[in-house]
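Examination of the molecular architecture
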Amino acid sequence: MNTSDGWRPRRVPEARGRAGTPRAPVDYAKIGRSSVRRRARGMTHSEAVAALEAAEQQAHLDRRDESAFDDGGRRAAELAEWQRVVQLLAATGGPYDPEADVVVQEELTEDRRREEAEQQRRQEQQQLADRAEELARLGGAGQLDRSVPSRAGDEAARDLLEENRDYRVAEVDAWLARSLADQSGHYADPAARTAAAGSLPVPVRAHAALLAALARTGAPVGGGLEFAGRLAQADPAATTALAAWLETAAAVKGGTA
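Below is a summary of the structure that appears in this document. Residue positions are given per chain, counting from 1 as you read along its sequence in written order. It should be noted that, the model being predicted, local features are given only for residues of pLDDT at least 70 and side-chain atom pairs only at 80 or more, the latter also being counted only at that level, while totals for whole chains, interfaces and linings use all residues. Hydrogen atoms and water are omitted, and side-chain values are computed over all heavy atoms in the structure.

Here we look at the overall build of the chain
Counting from the N terminus, the helices are DSSP H or I runs at least four residues long and the strands are E runs at least two residues long. Secondary structure assignment for the chain yields 10 helices and 0 strands. Along its sequence from the N terminus, the chain presents helices and strands in the succession α-α-α-α-α-α-α-α-α-α. Accessible area is worked out with a 1.4 Å probe on protein chains only. A residue is then buried under 20% of its type maximum, exposed over 50%, and partly exposed in between. When burial is assessed residue by residue, the chain has 34% of its 257 residues classed as buried. Contacts spanning at least 24 positions in sequence make up 69% of the contacts within the chain whose residues lie at least 6 apart. Every accessible area reported is derived by Shrake-Rupley at a probe size of 1.4 Å, with residue values counting cover from the shown protein chains alone. Total accessible area computed for the chain in this model is approximately 15400 Å², and 54% of it derives from carbon and sulfur atoms. In this analysis, two residues are considered to be in contact whenever any of their non-hydrogen atoms come within 4.5 Å of each other.

A short note on the pattern of salt bridges
In a structure, side chains of opposite charge can pair up when their charged atoms sit close to one another. Salt bridges are defined by distance alone: a side-chain nitrogen of Lys or Arg within 4 Å of a carboxyl oxygen of Asp or Glu. Going through the model one piece at a time under the given rule, you end up with 24 salt bridges. Measuring nitrogen to oxygen at the nearest pair gives 3.5 Å for the salt bridge that ties Asp97 to Arg41. Linking Asp97 in the loop between helix 3 (74–92) and helix 4 (102–140) with Arg41 in the loop between helix 1 (28–40) and helix 2 (45–62), this pair joins segments that are 56 residues apart in sequence. What makes Asp97 partly exposed here is its relative accessible area of 31%. Classification of Arg41 by relative accessible area gives partly exposed; the value is 48%.

Now the structure itself:
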């Protein structure tokens, strides 16, 4: 059974993307409101009343059609919008102009705000993915060293690699631990180092603590300390305890800065 604008109510399927992955669901209620506003443009109050009556009659007939039972809320939204337009024109007399409709303009403003926020979110996601790939590429090539400064958001890039089960995340973990121990790059900021306690995995923090403690003892902490990372991965608590013991020993000998 067709409606006045040629649209036939139907059972709404699950919205899915081209590859079968879920995508943003279709807002059938919004489509219904937009359809009413398009058809109501230029109508007087009496014409809108007639359109509302026709829509109510069509909705009554559609109830007999099982396929029209689940239309995603479009028909109900259309009826409500016709009622709102009729009430608006009862006060203004018409003709109806969506561009002068405060409700419509507020919705459009909100739509633009959401679109801008979504675009910003997508840009941030892409930047995060690009940074994660950059760190993974450098790590895989053995070039992720002190010449590469850490940045704000690298913890999230590291988490993305782990989420994707990228084998190069181990190199990124070691690099983050060195940066945190050296207080270099992003971690030169005390607030960033404090935040790292909640954003970096425990083994990475334990690794950083051990590297920092070894440095305070005067031991060379350049290369050859791969064991520190292995210890941190195997037993973070014991590694942290060892770091604390070394810090105490260095303090007793006057080795702290």
